[in-house]
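Tertiary structure, described
Single-letter residue listing:
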Amino acid sequence: MKKSDYSEETLDISKEIVNSCNSCKKCMRECVMMNEFGECPQDIFQGFLRDGEIDPIIPYSCTLCNRCTMICPMNLEMPKAFMGMRESIIRSNGGKSPLKSHRAVYVHQLLGLGLMNIFTTRRKSK
């Protein structure tokens, strides 16, 4: 993916994280995921902005729990950036997750379409 494939909002939030993070690492103490991919949020987001791409495992590893933002003295919205990355990755991959581990979910949805509505956000028309 190219940097231009990501939404302006995702890029803006990522820039804000790089420019505003004071490296206090409070979020790192709250989040196991962040520790897997860098020393502080700036590492992850600087690489993303520099390279214009990110390994899909990084945004998909975020549980979007928002604990990092709640503890952050700068109120940086890392989950929102990760969600934006996911959306762009999906869009550029024909509507599917590029992660092999997600193929089972896709097959389940494909085979269960119309049979099980528990995982759908669509409502049947009357």
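Structural data are supplied above this passage.
Before going into details, it helps to say that this report is about the structure given with it. (Residues numbered from 1 in each chain as written. Predicted model: local features only at pLDDT ≥ 70, side-chain atom pairs only at ≥ 80, totals over all residues. Heavy atoms only, no water.)

A separate point is the nonpolar core. M34, F45, I54, M78 and F82 are the most contacted members of the largest nonpolar core, which has 26 residues in total. When contributions to this core are tallied by element, the ones reaching two or more residues are helix 1 (8–20), helix 2 (26–30), helix 3 (32–37), helix 4 (41–51) and helix 7 (78–92). The biggest single contributor to this core is helix 7, with five residues. In this structure, M78 is in contact with I17, C27, M34, P41, F45, C68 and T69, ignoring residues within four places of it in sequence. (Core = buried A, V, L, I, M, F, W, Y, C linked by side-chain atoms within 4.5 Å. Buried < 20%, exposed > 50% of the residue type's maximum accessible area, 1.4 Å probe, protein only. Helix = DSSP H or I, 4+ residues; strand = E, 2+ residues; numbered from the N terminus. Contact = heavy atoms within 4.5 Å.)

Backbone geometry at S23 places phi at a positive 55 degrees, although glycine is not the residue there. Within the secondary structure, S23 sits in the loop between helix 1 and helix 2. A positive phi angle, near 75 degrees, is found at N66, a position not held by glycine. Structurally, N66 is set in the loop between helix 5 (57–61) and helix 6 (67–71).

Next up on the list: a negative patch on the surface. A cluster of acidic residues, E8, D12, E16 and E77, forms a negative patch at the surface. You can see D12 is positioned in helix 1. (Patch = residues over 30% accessible without salt bridge, like charges linked within 9 Å, V, L, I, M, F, W, Y side chains within 5 Å. Areas by Shrake-Rupley, 256 points an atom, 1.4 Å probe, with all protein chains shown as cover. Salt bridge = Lys/Arg side-chain N within 4 Å of Asp/Glu carboxyl O. Lys, Arg positive; Asp, Glu negative; His and termini not counted. Charge placed at Lys NZ, Arg CZ, Asp CG, Glu CD.)

Contact pair helix 1 / helix 7: the axes reach a minimum separation of 9 Å and the direction vectors enclose 145 degrees. Our pair here, helix 1 against helix 7, has a crossing hand that is left-handed. In contact with E9, T10, I13, S14 and I17 of helix 1, helix 7 contributes M78, K80, A81, G84 and M85. Here the residues of the contact of helix 1 with helix 7 sort into five nonpolar, three polar and two charged. (Axes fitted to C-alpha atoms, helices over the stretch in contact; angles between N-to-C directions. Left-handed = near helix turned anticlockwise from the far one by under 90°. Nonpolar A, V, L, I, M, F, W, Y, C, P; charged D, E, K, R; others polar.)

Glancing now at helix 1. Between its first and last C-alpha atoms helix 1 spans 18 Å; for 13 residues at 1.5 Å apiece the expected length is 18 Å, and the two agree. For helix 1, every residue scored as buried is listed here: T10, L11, I13, S14, I17 and V18. Around the axis of helix 1, the buried residues are gathered within 165 degrees of arc, so they sit on the same side. Along helix 1, exposed side chains directed more than 90 degrees from the buried face belong to E8 and N19. Taken together, the buried residues of helix 1 touch helix 4 and helix 7. (Expected span 1.5 Å × (residues − 1). Arc of directions from axis to C-beta.)

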